[in-house]
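Structural characterization, general
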Amino acid sequence: MLLTLTTSYSPATDLGYLLHKNPARLQSVEVAGGVAHVFYPEATAERCTAALLLDLDPVGLVRGRGGASGEGFALEQYVNDRPYVASSFLSAALSKAFGTAMNGTCKDRPNLPAQALPLEVKVAVVSAPGPDWPRRLFEPLGYEVEIETTLLDPTVPEWGDSRYYTLHLRHEGLRLQDVLTHLYVLLPVLDNDKHYYIGENEAEKLLHRGGEWLPQHPERGFITRRYLRYLAGIVNPTLLRLMEGDEVEEAPLEAVPDETEKAVVPASDQTVAAESAEPKLSLHDQRLQQVAHEIYQLGPKRVLDLGCGEGKLLRLLLRQHKIEFILGMDVSHQALSRAAQRLHLDEMPPRQRTRIELIQGSLLYRDERLAGFDAAALVEVIEHLDENRLAALEAVVFGQARPAHVFVTTPNADYNQLFDKLNAGDFRHDDHRFEWTRAEFAAWAAGVAEWHGYQVRIVAMGEEVEGVGPPSQMAVFESGRTIFIEKN
Ligand code: SAH
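Cut-offs used in this document
Residues numbered from 1 in each chain as written. Predicted model: local features only at pLDDT ≥ 70, side-chain atom pairs only at ≥ 80, totals over all residues. Heavy atoms only, no water. Helix = DSSP H or I, 4+ residues; strand = E, 2+ residues; numbered from the N terminus. Contact = heavy atoms within 4.5 Å. Areas by Shrake-Rupley, 256 points an atom, 1.4 Å probe, with all protein chains shown as cover. Near = heavy atom within 4 Å. Polar contact = N/O pair within 3.5 Å; in protein donor to acceptor, adjacent residues only side chain to side chain. Nonpolar A, V, L, I, M, F, W, Y, C, P; charged D, E, K, R; others polar. Pairing = 2+ DSSP bridges. Axes fitted to C-alpha atoms, helices over the stretch in contact; angles between N-to-C directions. Salt bridge = Lys/Arg side-chain N within 4 Å of Asp/Glu carboxyl O. Expected span 1.5 Å × (residues − 1). pLDDT = per-residue confidence, 0-100. Core = buried A, V, L, I, M, F, W, Y, C linked by side-chain atoms within 4.5 Å. Buried < 20%, exposed > 50% of the residue type's maximum accessible area, 1.4 Å probe, protein only. Phe/Tyr/Trp six-rings, centres within 6.5 Å; stacked < 30°, edge-to-face > 60°. Lys NZ or Arg CZ within 6 Å of the ring centre and 35° of its normal.

Counting its secondary structure elements, the protein contains 16 helices and 14 strands. For the protein, the share of sequence-separated contacts (at least 6 apart) that also reach a separation of at least 24 residues comes to 75%. Carbon and sulfur atoms provide 51% of the accessible area of the protein, an area that totals close to 22,300 Å².

Inspection of the region around the ligand gives 16 residues, with His 284, Gly 307, Asp 330, Leu 363 and Val 379 positioned closest. Between Val 331 and the ligand, the recorded distance is 3.3 Å, taken from a backbone N or O atom to a nitrogen atom. Between a nitrogen atom of the ligand and a main-chain N or O atom of Val 379, the distance comes to 2.8 Å. Protein chains bury 85% of the 570 Å² of accessible surface belonging to the ligand in isolation. Class assignment of the residues belonging to the shell around the ligand gives a composition of seven nonpolar, seven polar and two charged.

This paragraph deals with the sheet that holds strand β4 (residues 48–56). The sheet built from seven strands is open, its strands ordered β2-β3-β4-β1-β5-β7-β6 with antiparallel pairing. Each edge of the open sheet is held by one strand with a lone partner, namely β2 (27–31) and β6 (144–151). For this sheet the average axis-to-axis angle between neighbouring strands, irrespective of direction, equals 15°. Pairing geometry for strand β1 (residues 2–7) and strand β5 (residues 117–127), over six bridges, is antiparallel. Looking across to β5, one finds that Thr 7 is bridged to Leu 119. Helix α3 (residues 88–97) rests against β1, β2, β3 (34–43), β4 and β5 of the sheet, and its axis sits at about 125° to β4. Packing against the sheet, helix α6 (residues 176–191) makes contact with β1, β5 and β7 (161–174), and its axis sits at approximately 15° to β5.

Turning our attention to the pattern of salt bridges. Considering all chains together, one arrives at 19 salt bridges under this definition. For the salt bridge of Arg 457 with Glu 294, the shortest nitrogen-to-oxygen distance reads 3.1 Å. One end of the pair, Arg 457, is in strand β13 (residues 454–461); the other, Glu 294, is in helix α11 (residues 283–298), with 163 residues separating them in the sequence. A salt bridge links Asp 414 to Arg 438; the nearest nitrogen and oxygen atoms lie 2.8 Å apart. Of the two residues, Asp 414 sits in the loop between β12 (405–411) and α16 (438–452) while Arg 438 sits in helix α16, which places them 24 residues apart along the sequence. Through salt bridges with shared partners, a single network forms among Glu 42, Arg 47 and Glu 120.

Working note: α-helix, 3.6 residues per turn, so residues spaced by three or four point in the same direction. Compared with an ideal rise of 1.5 Å per residue, which puts 15 residues at 21 Å, α16 spans 21 Å between its outermost C-alpha atoms and is within 8% of the ideal. Against the buried residues of α16 lie α15 (390–401), β12, β13 and β14 (472–479). Just downstream of α16 lies Gly 453, where phi reads positive at about 75°.

For the rest of this paragraph, the subject is the confidence of the model for the protein. Across the protein, the average pLDDT comes to 81, with 79% of residues at or above 70. The model gives residues 231–280 a pLDDT under 50, and that stretch makes 107 contacts with residues more than four places away or in other chains.

What follows concerns the side chain of Glu 394. Mapped onto the secondary structure, Glu 394 falls in helix α15. Not counting the four nearest positions on each side in its chain, Glu 394 is found in contact with Gly 399, Trp 444, Val 448 and His 452.

A separate point is the nonpolar core. Among the nonpolar cores identified, the biggest contains 58 residues, and Leu 19, Val 123, Phe 138, Leu 176 and Leu 187 are the most heavily contacted of them. Here this core takes 10 residues from α6, the largest share from any one element. Look past the residues within four positions of Val 123 in its chain and what remains in contact with it is Met 1, Leu 2, Leu 3, Ala 86, Leu 90, Tyr 165, Thr 166, Leu 167 and Leu 187. Leu 306, Ala 401, Ala 449 and Tyr 454 belong to the second-largest nonpolar core, a separate cluster that totals 33 residues.

Next up on the list: the environment of Gly 309. Tracing the chain through its elements places Gly 309 in the loop between β8 (302–306) and α12 (312–318). Ignoring sequence-local partners within four residues, the contact set of Gly 309 consists of Asp 330, Ala 335, Leu 336 and Ala 339.

As a further point, take the packing of aromatic side chains. Tallied over the entire structure, the rule returns 11 aromatic pairs. Measuring from centroid to centroid gives 5.6 Å for Phe 138 and Tyr 143, while their planes differ by 85°, and the two rings are edge-to-face. Relative to Phe 441, the ring of Trp 436 has its centre 6.3 Å away and its plane inclined at 35°; by these criteria the two rings are tilted. Each member of the pair, Trp 436 as well as Phe 441, is classed as buried. The rings of Phe 398, Phe 434, Trp 436, Phe 441, Trp 444, Tyr 454 and Phe 477 are connected pair by pair, giving a single aromatic cluster. Lying across the ring of Tyr 17, Arg 109 places its NZ or CZ 4.0 Å from the centre. For the cation-ring pair, Arg 302 lies above Phe 373, with the distance from its terminal atom to the ring centre recorded as 4.5 Å.

So, about the environment of Leu 169. Along the chain, the position of Leu 169 falls in strand β7. Counting along the chain gives 22 residues from Leu 169 to Ile 147, while the straight-line C-alpha distance between them is 8.7 Å. Other than its neighbours up to four places away in sequence, Leu 169 contacts Leu 119, Glu 120, Val 121, Phe 138, Tyr 143, Glu 144, Val 145 and Leu 183.

Strands sit in the order β10-β9-β8-β11-β12-β14-β13 across an open sheet of seven strands; the sheet is mixed. Of all the strands in the sheet, the pair left with one neighbour each is β10 (356–360) and β13. Each strand axis lies, on average, 15° off the axis of its neighbour in the sheet, ignoring direction. Packed onto the sheet, helix α13 (residues 333–342) meets β9 (325–330) and β10 and runs at close to 165° relative to β10.

A few words now on α6. If you check α6, its first and last C-alpha atoms are 22 Å apart, about what 16 residues at 1.5 Å a residue would give, namely 22 Å. The element α6 is extensively covered by neighbouring structure, given that 16 of its 16 residues are classed as buried.

A few words on the environment of His 429. Positionally, His 429 belongs in the loop between β12 and α16. Classification of His 429 by relative accessible area gives partly exposed; the value is 23%. For the pair His 429 and His 384, spaced 45 residues apart in the sequence, the C-alpha separation amounts to 9.3 Å. For His 429, the side chain forms a polar contact with the main-chain nitrogen of Asp 431, separated by 3.0 Å.

Pasting the structure below:
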């Protein structure tokens, strides 16, 4: 299995720095199922080609599979296309051999990874469900795609073409990191065979690598469905559900605890966590993903995050390329500087930097800066205000700022009885001024909607438990005014 990457960037040998592989040397790394060799068939200032030759050991593959003897035809274990076709093995090899480049890091030339390069990729051989599929997967990402077909058997031309193709991709200017990431995700999707060695980490990486571009890809349904074949049962089901719903949002989870909710895992959840080895998304991360997903489905151009805290939602929103401008507001200066830090605002490329602004302000006071937005999120904010101040917040958000859509989330107090360590009447967080039952929240939301001319629906957040409902709840308000909607 051979993959080559060629650039005519000047000097082309910078490719060696980017890949962290010296053009003068042959380097080999052990990978799942065999060995990957990296070498450079050409390396001049005008043109440089790096080759990754993946040498899979077919017998080793059989031994590694265990219990697979009943599958396929009698000799399939020994006679199969795995060593010759770009598959998930190639993804694993790309990740192992070029992991640093894939993460966009280059110690020797720190500015190089951000550089868009003219690139050509040749993959011999891909197996695809049909000759149009390489195009459908790679063209939306800006590649010029060419495939070479071969006859299944040159001595029997009437049998037609084989389902194996040589794939040529060309791009006029793309970061190497992006090219590697696209290949990493899309080659196994084209191949669609079983993934013999996928481990939990590999699976999480697969999801993570699609995060930036998959939500916009017109074939994301096909891509994610094919993933699910491999990944069901391996990775977090919440992530999979989000992917199925056409979006991948979250980067690998951080170890920072969000709210005390993380410390008070309900008894039922503890059982689930103990029973499965799956990493669990915290309740808060689930909420943020869900809000981000709802916003994504609307396709708004200007979005407010009110009470943005440390900027977790902002980070998810930044990945939605259709959003042109995001304004994060919080009353706490400390939270805002933490958000600026976490989002690396001071290192952001200028175009990206113009998409986001953080401001200090209070939701209790009229503020001109909040006007002219398509959507606003208030994630776990209202319960931090005294209940008798909510009317002021309503006037600011629904009366003055009036975004076409408003998403308000808050804990569901009915659910609190499931938290072992929470005494009756206690709140989940020290700074919560109230926590509402489902009925209280629904009544508040209906009142606000009626007063300010919005429609409202209540959405469950997190898994619903009979009798007490979901851990959190969200009201989605929609004004009569239509907003920009563009869906693929
Ligand atoms: N939305 C964030 C943070 C939730 S915590 C998240 O989901 O991660 C609540 C946030 O609301 C805190 O950052 C707090 O500083 C902010 N907040 C509290 N009162 C506020 C007010 N009057 N105006 C604006 N923000 C406020």
